[in-house]
Amino acid sequence: MKKIAYTLAIVATIVMTLAACSTKSETATDGANHFRIKRGTNISHWLSQSEARGEMRRLHIQEDDFERLQKLGFDFVRIPIDEVQFWDEDGNKLPEAWDLLTAALDQARKHNLRAIVDLHIIRSHYFNAVNEGGAAANTLFTSEKSQEDLINLWRQLSEVLKDYSNDWVAYEFMNEPVADDHEQWNLLIAKVHKALRELEPQRTLVIGSNLWQGYETMKYLKVPEGDENIILSFHYYNPMILTHYGAWWTPIGKYKGKVNYPGILVSKEDYEAADPEVKKLLDENQYTTQVWDINKIREDFKDAIAAAKKYNLQLFCGEWGVYEPVDRELAYRWTRDMLTVFDENDIAWTTWCYDADFGFWDQQRHSFKDRPLVELLMSGKGLEN
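Residues numbered from 1 in each chain as written. Predicted model: local features only at pLDDT ≥ 70, side-chain atom pairs only at ≥ 80, totals over all residues. Heavy atoms only, no water.

Points about the overall build of the protein chain
Okay, so step 1: For the protein chain, the helix and strand inventory stands at 14 helices and 12 strands.
Okay, so step 2: Radius of gyration (C-alpha) of the protein chain: 23 Å, near the 21 Å computed for a compact globule of 385 residues.
Okay, so step 3: Dimensions along the principal axes, computed over C-alpha positions, put the protein chain at roughly 105 × 45 × 45 Å.
Okay, so step 4: Scored against the burial criterion, the 385 residues of the protein chain give a buried share of 52%.
Okay, so step 5: When the accessible area of the protein chain is evaluated, it comes to approximately 18,500 Å², of which 53% is carbon and sulfur surface.
Okay, so step 6: Within the protein chain, one finds 44 positive and 61 negative side-chain charges whose respective centroids are separated by 5 Å. (Helix = DSSP H or I, 4+ residues; strand = E, 2+ residues; numbered from the N terminus. Rg over C-alpha atoms; globule rule 2.2 N^0.38 Å. Buried < 20%, exposed > 50% of the residue type's maximum accessible area, 1.4 Å probe, protein only. Areas by Shrake-Rupley, 256 points an atom, 1.4 Å probe, with all protein chains shown as cover. Lys, Arg positive; Asp, Glu negative; His and termini not counted. Charge placed at Lys NZ, Arg CZ, Asp CG, Glu CD.)

Structure (structure tokens):
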């Protein structure tokens, strides 16, 4: 009997030890990771929104770019990627893009830059389709197959990226959703979140609001509660008449008059000189009546800040910036106000962008095209350890 009791005691001890180890293991993988961000930029028009392939694409972004960003004072990058660059139409992987992405993540880590991998454009959803006449091709929110395809893209991405530290690489599973109903996007968030959490329980996920990640729709956003490893994201380019002045791809880019900032953006004289189509846009956006200044930006950010507080999550402005042809003094005034509001509310940010038409670096000439902008960007708060 003593032997049996002794044996049972040993078995009980082993069971309790295993249970304790199991609990310890769960505790170790539970809770927030250390993915911390503050000042960054988008490595855009490389693995996304670009027709360059082969040598031209390979040479476009290299290790010296990551070294430069670190030395300037950035602490992370957002890397947009497109489905068409990573998979062919039959769903087969295109190896070169995968190699470029993993090399970029290795180089970012080497130079102390965290990275967000952003699935920017997929075949079933393009954020600018409404402006380019292809909105009917956006099937993501009406097709179960398209939604499963999106999840499958992330299953494959996860398989390749899962060994990167949770402290250094995050996933943004879709850029600028454009759903007819906010609840369509909320339901898709829940699906993708569930699938990714089954694969990677602690990976930081960046989740944005519906309708181009607009600040106006943050109040409708629903994110899984109790998950500490989520960052909430919004984009901000307002007022578009300033940030996109002369931009050929936007209707407001047709305005050719003067823009003022801060204050009333368009004078009565410039309004009267505009053609009827442009006048309509000026009226719709209150560009001749609304005062635009730092207080307007603060007001616009309120819903986004409230959403972050509601879920107790980090807030992140994933895109903001000024088109290159815009008067630089106007651009700097707006940028300075944006940075002030970011710092007041501990909002992380990535400018749009590093080296394209909103950027500060000229990759062709291998030189700064707007050094004062970089100096201004680095004048605000950095990452606090």
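Some details on the pairing of strand β5 (residues 205-208)
Okay, so step 1: Neither face of β5 is exposed, since L205 and I207 on one face and V206 and G208 on the opposite face are all buried.
Okay, so step 2: Bridge analysis of strand β4 (residues 169-172) against β5 gives two bridges, and the strand direction is parallel. Bridged to E172 within β5 is V206.
Okay, so step 3: Traced from β4 through helix α7 (residues 182-199) to β5, the parallel crossover comes out right-handed.
Okay, so step 4: When β5 meets strand β6 (residues 230-235), the two strands line up parallel, connected through four bridges. (Pairing = 2+ DSSP bridges. Right-handed = clockwise from strand over helix to strand, strands pointing away.)

Some points on the nonpolar core
Okay, so step 1: Core analysis: the largest hydrophobic core is formed by 109 residues, its most contacted members being L232, F234, Y236, L282, F301 and F360.
Okay, so step 2: Not counting residues within four places of it along the chain, the set of residues in contact with F301 comprises F234, Y236, M338, V341, F342 and I347.
Okay, so step 3: Within the second largest apolar cluster, nine residues are counted, among which are I37, V206, I231 and F316. (Core = buried A, V, L, I, M, F, W, Y, C linked by side-chain atoms within 4.5 Å. Contact = heavy atoms within 4.5 Å.)

With respect to the layout of surface pockets
Okay, so step 1: Taken as a whole, the second largest pocket holds about 430 Å³ of empty space.
Okay, so step 2: If you go around the second largest pocket, you meet 22 residues; those closest to its centre are F35, R36, E228, L313 and Q314.
Okay, so step 3: Along the lines of polarity and charge, the residues of the lining of the second largest pocket split into eight nonpolar, seven polar and seven charged. (1 Å grid on protein atoms, 1.4 Å probe; cavity = no way out; pocket = protein on both sides within 12 Å on 5 of 7 lines; lining within 4 Å. Points joined across faces, edges and corners; volume = space filled by probe spheres on them. Nonpolar A, V, L, I, M, F, W, Y, C, P; charged D, E, K, R; others polar.)

A closer look at the packing of helix α5 (residues 95-110) against helix α6 (residues 144-161)
Okay, so step 1: As a packed pair, α5 and α6 sit with axes 11 Å apart at the nearest point and diverge in direction by 50°. Taken together, the axis directions place α5 and α6 in an arrangement best described as oblique. As for the relative orientation of α5 and α6, their crossing is right-handed in sense. Of the residues in α6, those in contact with W98, L101, T102 and L105 of α5 are Q156, L157, V160 and L161.
Okay, so step 2: For the contact of α5 with α6, the class distribution of residues is six nonpolar, two polar and no charged. (Axes fitted to C-alpha atoms, helices over the stretch in contact; angles between N-to-C directions. Parallel < 35°, antiparallel > 145°, perpendicular 65-115°, else oblique. Left-handed = near helix turned anticlockwise from the far one by under 90°.)

Focus: the pattern of salt bridges
Okay, so step 1: Considering all chains together, one arrives at 30 salt bridges under this definition.
Okay, so step 2: One salt bridge connects R68 with D65, and the closest N-O pair in it is separated by 3.1 Å. Placement of the pair is R68 and D65 together in helix α3 (residues 63-72), with a separation of three residues, close to one helical turn.
Okay, so step 3: Residue D65 is classed as buried on the basis of its relative accessible area of 2%.
Okay, so step 4: The salt bridge involving R78 is made with E172; its shortest N-O contact spans 2.8 Å. Within this pair, whereas R78 is found in strand β2 (residues 76-82), its partner E172 is found in strand β4, the two being separated by 94 residues in sequence.
Okay, so step 5: According to the relative accessible area criterion, R78 is buried, its value standing at 0%.
Okay, so step 6: What you see here is one network of salt bridges that share partners, running through R78, D118, E172 and E319. (Salt bridge = Lys/Arg side-chain N within 4 Å of Asp/Glu carboxyl O.)

A few points about the pairing of β2
Within a regular beta strand, the side chains point alternately toward one face of the sheet and then the other, so they alternate between its two faces.
Okay, so step 1: Of all the seven residues making up β2, seven are buried; the element is thus mostly covered by neighbouring parts of the structure.
Okay, so step 2: With burial as the criterion, each face of β2 is covered, one bearing F76, R78, P80 and D82 and the other bearing V77, I79 and I81.
Okay, so step 3: Pairing of strand β1 (residues 39-42) with β2, which is carried by three bridges, proceeds in the parallel orientation. Paired with G40 across the two strands is F76, which belongs to β2.
Okay, so step 4: By the bridge criterion, seven bridges tie β2 to strand β3 (residues 114-121) in an arrangement that is parallel.

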